[in-house]
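Chains, contacts and geometry: an overview
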Amino acid sequence: MPQYPRRTLLGGIGTTMALGLAGNTASSTDANGERERADAPSFESLLDSLPASVATESMTVSVMDLERRREANEPYEPHAATGPFEIDDEDVTKQAVVYSTDDEFTQSVTVLTGEIDLDGDGESRETADGIAYDRYETDDQFAAVTDDAVVITGDAATLSDAVAAGAGDADRLLDATPLLEEAFDVYEDADGYNVTVGDALQPPEIDATAEYVVRAITVLGPDTMAMDFAISFTDADDVTDELAERLAGEFAYTATTDEPTAEVDGSLVTVSVERDLAAERAAREHDSPGALRVERDIDLDDDYLEIEIGSGDPTPIEDLTLEVGDEAYDREVWTNGHGTLEEGDTILIETDDVEPDLSVTLTHDHEYGSSSSTTTILGHFRFDFAYDPDATELTVEYADEFPLDGDEVWLAVHEDRPTYGFREDDPEPTATAQPWTGTTMESGDDATIADVDPGSVVYVCWDEPSFRDAIATHHAQPPGTVAFEYDYENRSLSATLELDGDTERPASAYELLIDGEPADTQWADAAETVTSGATIEVDSVPVGTDVKVVWGEDDVRVGRAYPQPQIDLEFTEDGTAVEHVGGDSLDASTLELRVWTGEENVEIDLADEIDGDFEDGDTVPIDASEPRGANLIYDGNYYIGHAYQE
């Protein structure tokens, strides 16, 4: 049973795929002939319950016989789309889901069938035409239970429409969208369909306009599943042999028993293949070599640098590729004589190729596509930083042993710490410098960069003045830090400035903000200058308030806090309870203890165990075997205490 790694399959599709042309109609056959299978499922009742009111220009309709799907031994079990309602997956036999893809991806309506019971008592309702159903509501979602199905949606009107459509008293989605009905008819007798119409489905890098896309699956046995893929284009002249071959790449990341088979009938292209579930399970269970480890101290006199494989099962070396600096590396060098690679083995690169911030990636090509592990060699160097906020100058001193080419070292200043996104959206630094040009940097070499405002972030970069290529970073802080203390019982908060030595600073330079607004009490109220230890206190500060101390005209943050109560917890010696050993006393009804073990998590409402306040010396019994730790949560949101088992 041949397997095709990703690159092999993609490279061979154009020459080995069986390609049938005009005159062949799309059918529910696999790559090798007619399918032998049990009675095909019917999705008629589910599709009938999809109302026309959920139709959008771009949408996806997915239907699945989950009972049939579970007969296949897939690496992962399929799950029902039950939303916030606590429905056992095994109770759902079939489902239909409509997704809108117009402006954003949203789930419009779900229809489930099976032996399904919802918790609680539903509210009896009727549609405008008198169709009775039980309505349930939770977490902004609604559910309707009828004799035939369960409908779930986030819109009450859609719920009523779906019930009415199922009874034949409202327009149905497939009747209102003939293109959907045409798409569902492309394949017969499948166990599941995924049909997409509209602009969102347009295949990338294909110069043709698609009307709809169909993906169908059929379980052939525990280890085999037929996969069918079809696209209908608006113009048959756009359909070429080359286009059909490219669409077969839909299965390039799938373990298959043979190459895909494509057929073309006018404007419709269909591709079929059998999915090899046994090969997929084997690939899932196989741990690809990875967790690359490089010693920090590199001896430049050595010929080679060793890189240890930190994890992975034995893997043939021919299935592996090493990239150094984004380029394929010499296989004769890096393989180090190995026929297979596994945890504990070492690979090599030549020391002459080592440079700062060098990425090394080991890739395993397998039936699923590929798995990669990346590490960075010499990605960080020691630099000492000395910042003068009054002069707005930063002195940068190299403090490492590895010789650096000064021509490649940059200093880049940003007003704020940039966030990682698309490279084209990266902000430009406000200033750059190359102070070590023409030198080989050694420990002790320094330089000073001016006009570095408090709050700025300065990056030492390699090769390019980009924060992505940083080998060291420094945040230019305003003078001082602040320590907060919160008195939960009185809802008061104190803020204490901590400055270097006997330094005096203008009191007006510091401001305390409560939820973004100046507090009623400020340091400048008491004196013109402040020294270390200067403290102010404010009252009526609720739990969770956003408290900040800022400095200067630009409100650069010195410190921040979200005040909340605190409780010290410990496990009792026998590990059967958690004890309050210090901190605040709180109403037990506001507290929940979450305990985790090796197998389960246990949630305990303290009001069930303690009458009144939870205070010093109180214990909470734990009904769980071998608890490992516990978190105490206040008001459902605030983690205010924890304990761990030793």
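Whatever comes next refers back to the structure up there.
So, here's what we can say about the structure. Remember, it's a predicted structure, so these values are computed and weren't measured experimentally. (Residues numbered from 1 in each chain as written. Predicted model: local features only at pLDDT ≥ 70, side-chain atom pairs only at ≥ 80, totals over all residues. Heavy atoms only, no water.)

**Some points on the layout of surface pockets**
Its boundaries defined by the atoms lining it, the largest pocket holds a volume of some 420 Å³. Surrounding the largest pocket, 21 residues form its lining, S62, M64, R69, N194 and I217 being those nearest its centre. Those elements that place two or more of their residues in the lining of the largest pocket are strand 2 (59-65), helix 3 (66-69), strand 3 (92-100), strand 9 (192-197), strand 10 (210-221) and strand 11 (224-233). (1 Å grid on protein atoms, 1.4 Å probe; cavity = no way out; pocket = protein on both sides within 12 Å on 5 of 7 lines; lining within 4 Å. Points joined across faces, edges and corners; volume = space filled by probe spheres on them. Helix = DSSP H or I, 4+ residues; strand = E, 2+ residues; numbered from the N terminus.)

**Digging into the packing of aromatic side chains**
A complete count under the given rule lists nine aromatic pairs for this structure. When the ring of Y488 is compared with that of Y634, the centres are 6.0 Å apart and the planes differ by 80°; the resulting orientation is edge-to-face. Taken together, the residues span a long stretch of sequence, with Y488 in the loop between strand 32 (481-487) and strand 33 (492-498) and Y634 in strand 48 (residues 629-634) at a distance of 146 residues. Assigned by exposure class, Y488 and Y634 land together as buried. Centre to centre, the rings of Y634 and Y638 are 6.2 Å apart; their planes meet at 40°, and the pair counts as tilted. Grouping aromatic residues by their ring pairs yields a cluster made of F381, F383, Y398 and F402. Between the NZ or CZ atom of K94 and the centre of the ring of F43, over which it lies, the distance is 5.8 Å. Of note, R491 hangs over the ring of Y488, and the distance from its end group to the ring centre comes to 3.9 Å. (Phe/Tyr/Trp six-rings, centres within 6.5 Å; stacked < 30°, edge-to-face > 60°. Buried < 20%, exposed > 50% of the residue type's maximum accessible area, 1.4 Å probe, protein only. Lys NZ or Arg CZ within 6 Å of the ring centre and 35° of its normal.)

**What about the sheet that holds strand 32?**
Pairing within the open sheet is antiparallel, and its three strands lie in the order 32-33-38. Two strands in the sheet have a free side with no partner beyond their single neighbour: strand 32 and strand 38 (535-538). Sheet twist, expressed as the average angle between the axes of neighbouring strands with direction ignored, equals 20°. Pairing analysis gives four bridges linking strand 33 to strand 38, with the strands arranged antiparallel. (Pairing = 2+ DSSP bridges. Axes fitted to C-alpha atoms, helices over the stretch in contact; angles between N-to-C directions.)

**Section: the nonpolar core**
If you look at the biggest cluster of nonpolar residues, it comprises 45 residues, and the most contacted ones within it are Y510, L512, W523, L593, F614 and L632. Apart from the residues within four sequence positions on either side, L593 is in contact with L569, V578, V602, E603, I604, L606, V620, A630, N631 and L632. (Core = buried A, V, L, I, M, F, W, Y, C linked by side-chain atoms within 4.5 Å. Contact = heavy atoms within 4.5 Å.)

**Focus on the sheet that holds strand 49 (residues 638-644)**
Spatially, four strands are ordered 45-44-48-49 in an open sheet, and the strand pairing comes out antiparallel. Both edges of this open sheet fall to strand 45 (601-605) and strand 49, since each of them pairs with a single strand only. Geometrically, the sheet is characterised by an average inter-axis angle of 20° between neighbouring strands, direction not taken into account. Sheet topology places strand 48 next to strand 49; six bridges connect them, and they run antiparallel. Bridge pairing in strand 49 links A630 to A643.

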